[in-house]
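Below, each chain spelled out in residue letters.
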Amino acid sequence: MSAPLQALALVCTLKPSPAPSSSALIADQVLDALAAHDVAGESVRIADFDIRPGVSTDEGEGDQWPQIRRRVLDADIVVLSTPTWMGHLSSIAQRVLERLDAELSTTDDAGRPAMFGKVGVAAIVGNEDGAHKIAADTFQALDDVGFTIPAQGCTYWNGEAMVGVDYNDLTETPDAVRKTTQTLARNAAHLAALLRAQNYPAG
């Protein structure tokens with residue numbers, strides 16, 4: 001019997017633990033939805049680590065990206081969860097994408113780019129506009145690196161601008177967000193299972 005699919009949520013809030021985080025909340029909701037499809041998941045808050053700027057797999061002494069990278073390599077599904085700041089993804093999310101850029105030059109045993117066979121999805125929160133642009137930027141970056149994006153592979157919440165209500169302030173999850181998260185999870189799990197069974201051909 002094969003091992004269960006594995007999901008890793010990279011939570012790119014600017015707040016280190018244990019501060020409440022809307023990005024962490026929606027990432028957990030994605031992982032819960034994936035669990036309904038027999039996908040085991042874990043979450044990593046990037047702000048808790050020293051991730052050095054750069055585009056290599058290891059930026060030297062003190063850089064903690066290599067330990068996160070190992071978890072990415074072990075995952076079938078990677079969830080990038082980010083808040084919206086000034087209409088863009090967070091600086092931490094941008095750094096994660098920059099560090100993943102190194103995977104363009106790494107390959108698996110068959111000579112394929114290392115991220116081939118992995119599914120990438122996005123979860124976005126914010127009380128300002130920007131979710132669609134963030135999803136577009138995130139998906140382009142993940143696709144460049146070698147991830148596969150499932151149909152409707154993004155879930156998001158945009159609160160009312162200039163009001164100051166965050167996603168984790170809500171007393172219940174909006175029905176539209178809940179349904180979108182369920183669709184993301186269903187499609188991501190389906191795609192990840194297909195790719196595990198038959199990865200892309202080697203070049």
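Shown above is the structure to which this text applies.
So, how was this worked out
Within every chain, residues take consecutive numbers counted from 1 along the sequence as written. Where local features are concerned, this predicted model is filtered to residues with pLDDT of at least 70; where side-chain atom pairs are given and counted, the filter is 80 or more; whole-chain, interface and lining totals use all residues. For side-chain calculations, the full set of non-hydrogen atoms in the structure is used, while hydrogens and water are omitted. The term salt bridge refers to a pairing of a side-chain nitrogen on Lys or Arg with a carboxyl oxygen on Asp or Glu at a separation within 4 Å. Burial classification: accessible surface area is computed with a 1.4 Å probe over protein chains only, and a residue below 20% of its type maximum counts as buried, one above 50% as exposed, and the rest as partly exposed. Where helices and strands are cited, they refer to DSSP runs of H or I of at least four residues and of E of at least two residues respectively, numbered from the N terminus. Side-chain atoms within 4.5 Å are what join buried Ala, Val, Leu, Ile, Met, Phe, Trp, Tyr and Cys residues into a set we call a nonpolar core. Should any heavy atoms of two residues lie within 4.5 Å, those residues are counted as being in contact. Within the patch definition used here, like charges are joined within 9 Å and nonpolar side chains (Val, Leu, Ile, Met, Phe, Trp, Tyr) within 5 Å, considering only residues with over 30% relative accessible area and no salt bridge. Calculation of accessible area relied on Shrake-Rupley with a 1.4 Å probe; when residues are assessed, cover is drawn exclusively from the protein chains displayed. Angular values range over 0 to 180 degrees, each being the angle between N-to-C directions of two axes fitted as lines to C-alpha atoms, with helices fitted over their stretch in contact. For classification purposes, an angle smaller than 35 degrees is called roughly parallel, one larger than 145 roughly antiparallel, one from 65 to 115 roughly perpendicular, and anything else oblique. Note on convention: the crossing is left-handed when the near helix lies turned anticlockwise from the far helix by less than a right angle, right-handed when the turn is clockwise. The classification used treats Ala, Val, Leu, Ile, Met, Phe, Trp, Tyr, Cys and Pro as nonpolar, Asp, Glu, Lys and Arg as charged, and all other residues, Gly among them, as polar. When the centres of two rings from Phe, Tyr and Trp lie within 6.5 Å, Trp using its six-membered ring, the rings pair. Their planes under 30 degrees apart give stacked, over 60 give edge-to-face, and anything left gives tilted. Under the convention used throughout, the expected extent of a helix is 1.5 Å for every residue step, that is, one less than its residue count. In this description, one arc is meant: the one made by directions from the helix axis to the C-beta atoms.

(A) Layout of the pattern of salt bridges. Inspection of the entire model under this criterion finds nine salt bridges. Put simply, Arg52 and Asp50 hold a salt bridge, and the shortest N to O gap is 2.9 Å. Accessibility expressed as a relative area gives 32% for Asp50, which makes it partly exposed. A salt bridge links Glu103 to Arg69; its shortest N-O distance comes to 2.6 Å. Pair noted here: Glu103 is in the loop between α3 (91–100) and β5 (119–126) and Arg69 is in helix α2 (residues 65–74), with a separation of 34 residues, a long-range link. Looking at Glu103, the relative accessible area reads 0%, which means it is buried. A residue is classified by how much of its surface remains accessible, and Arg69, at 18% relative accessible area, is buried.

(B) Highlighting the nonpolar core. In this structure, Leu10, Ile46, Ile68, Val72, Val96, Leu100 and Phe147 are the most contacted members of the largest nonpolar core, which totals 30 residues. Taken together, the elements giving at least two residues each to this core come down to β1 (5–11), α2, β3 (77–85), α3, β5 and α4 (131–145). In this view, Val96 contacts Leu10, Cys12, Ile46, Trp65 and Leu80; residues no more than four positions away in its chain are not counted. One finds Leu5, Val177, Leu184 and Leu195 within the second-largest nonpolar core, a separate group that totals 28 residues.

(C) The arrangement of a nonpolar patch on the surface in detail. A surface patch of nonpolar side chains, amounting to about 390 Å² of accessible area, comprises Leu14, Trp85 and Met86. Here Met86 is to be found in the loop between β3 and β4 (88–89).

(D) Here's a closer look at the packing of helix α1 (residues 22–35) against helix α5 (residues 175–197). Two elements in contact, α1 and α5, have axes separated by 8 Å at closest approach and are oriented at 55°. With respect to α5, the element α1 is oriented oblique. Seen along the crossing, α1 lies across α5 with a hand that is right-handed. Residue-level contacts link Gln29, Val30, Ala33 and Leu34 of α1 to Thr181, Leu184, Ala185, Ala188 and Ala189 of α5. Grouping the constituent residues of the contact of α1 with α5 by class yields seven nonpolar, two polar and no charged.

(E) Region of interest: the packing of aromatic side chains. Here the structure, examined in full by the defined rule, presents two aromatic pairs. Arranged with centres 5.6 Å apart and planes meeting at 45°, the rings of Trp157 and Tyr167 form a pair that is tilted. Here the residue Trp157 occupies a position in strand β6 (residues 154–158), and Tyr167 occupies one in the loop between β6 and α5, the gap between them amounting to 10 residues. One exposure class covers both Trp157 and Tyr167, and it is buried.

(F) Quick look at α4. When the terminal C-alpha atoms of α4 are compared, their 21 Å separation across 15 residues agrees well with the 21 Å that a helix rising 1.5 Å per residue should span. When α4 is considered as a whole, its buried residues turn out to be Ala131, Ile134, Ala135, Thr138, Phe139, Leu142 and Val145. For α4, the arc enclosing every buried residue in end-on projection is 125°, short of the 170-degree limit, so these residues lie on one face. Those residues of α4 that are buried lie in contact with β3, β4, α3, β5 and β6. Phi turns positive, to about 130°, at Gly146, one or two residues after α4.

(G) A look at α3. Those residues of α3 that fall on the buried side of the exposure criterion are Ile92, Ala93, Val96, Leu97, Arg99 and Leu100. Along the axis of α3, the buried positions cluster into a sector of 165°, meaning they face one direction only. Residues of α3 that are buried sit in contact with β1, α2, β3, β4 and α4.

Nothing here speaks to function; it is all geometry.
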